[in-house]
Amino acid sequence: MKINPQEITAVLEKEFAAIDSKIEVKEIGFVLQVGDGIARVYGLDSVMAGEIVTFASGTRGLVFNLEEGNVGIVVLGDVTSIKEGDKVERTRRVMDVPVGDAMLGRVVDPLGNPQDGRGPIHTDKRQKVEKVAAGVCDRQPVKVPLQTGIKS
């Protein structure tokens, strides 16, 4: 039996072409402790302050305290679904919410998800929650007082 190098090369090239070479890199951490709505997580060395992370249960959290060796994360959902040792994954997105006319009169959670039973919010505009405020001179003057409560 004689081996034909061209046939072997053709078969190998066909097999290599069929391989999906997409590489996905994820930075994953693990919950050290959770309590009072705060989770301490280690392993997220490159996480940004204000970044949204996802816990293994699907609950989201907001990174707020960066320390050497661990980070503090505010849990934005059901804290009882998170336990010690759970995986936490970075999203590489800082917290933002939908904005625009579609938001008028709507009730949303901290992530901008509708809570009023009126269906999804249809807008493609989003704005970061943490941003530099406009200077005092750039703002419009207050012309009508805003009633916030009852004086006792």
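Residues numbered from 1 in each chain as written. Predicted model: local features only at pLDDT ≥ 70, side-chain atom pairs only at ≥ 80, totals over all residues. Heavy atoms only, no water.

### With respect to the pairing of strand β1 (residues 28–35)
Examined bridge by bridge, β1 and strand β6 (residues 87–94) share three bridges and lie antiparallel to one another. When the sheet's bridge partners are listed, G29 is paired in β6 with V88. Connecting β1 to the antiparallel partner strand β2 (residues 38–42) that follows it, the hairpin turn spans two residues, and D36 within it adopts a positive phi of roughly 55°. (Pairing = 2+ DSSP bridges. Helix = DSSP H or I, 4+ residues; strand = E, 2+ residues; numbered from the N terminus.)

### Topic: the packing of aromatic side chains
For the structure on display, the rule yields one aromatic pair. On the basis of an interplanar angle of 35° and a centroid distance of 5.9 Å, the ring pair of F30 and Y42 is categorised as tilted. Residue F30 is found in strand β1, and its partner Y42 is found in strand β2; the two are separated by 12 residues along the sequence. What makes F30 partly exposed here is its relative accessible area of 28%. (Phe/Tyr/Trp six-rings, centres within 6.5 Å; stacked < 30°, edge-to-face > 60°. Buried < 20%, exposed > 50% of the residue type's maximum accessible area, 1.4 Å probe, protein only.)

### So, the pattern of salt bridges
In the structure shown here, the tally under the stated rule is nine salt bridges. E67 is paired through a salt bridge with R40; the nearest N and O atoms lie 3.0 Å apart. Here R40 lies in strand β2 and E67 lies in the loop between β4 (60–66) and β5 (71–75), a separation of 27 residues in the sequence. Between R118 and D116 there is a salt bridge, with the nearest N and O atoms lying 3.9 Å from each other. The partly exposed category is assigned to D116, whose relative accessible area is 23%. (Salt bridge = Lys/Arg side-chain N within 4 Å of Asp/Glu carboxyl O.)

### A word on the side chain of R90
Position of R90 relative to the elements: it lies in strand β6. A polar atom in the side chain of R90 sits 3.0 Å from the side chain of E27. Side-chain polar atoms of R90 contact the side chain of E51, separated by 3.0 Å. (Polar contact = N/O pair within 3.5 Å; in protein donor to acceptor, adjacent residues only side chain to side chain.)

### Points about the sheet that holds β4
The strand order around the closed barrel built from six strands is β1-β2-β5-β4-β3-β6, with neighbouring strands paired in antiparallel fashion. Pairs of neighbouring strands in the sheet enclose a mean axial angle of 45°, with direction left out of account. (Axes fitted to C-alpha atoms, helices over the stretch in contact; angles between N-to-C directions.)

### A word on the side chain of R106
Within the secondary structure, R106 is located in the loop between β7 (96–98) and β8 (126–128). Since its relative accessible area comes to 15%, R106 is described here as buried. Engagement of the side chain of R106 in a polar contact is seen with the side chain of D116, the distance being 2.7 Å. From its side chain, R106 meets the backbone oxygen of G119 in a polar contact 2.6 Å long. Discounting residues that sit within four places of it in the chain, R106 has contacts with P114, D116, R118, G119, P120 and I121. (Contact = heavy atoms within 4.5 Å.)

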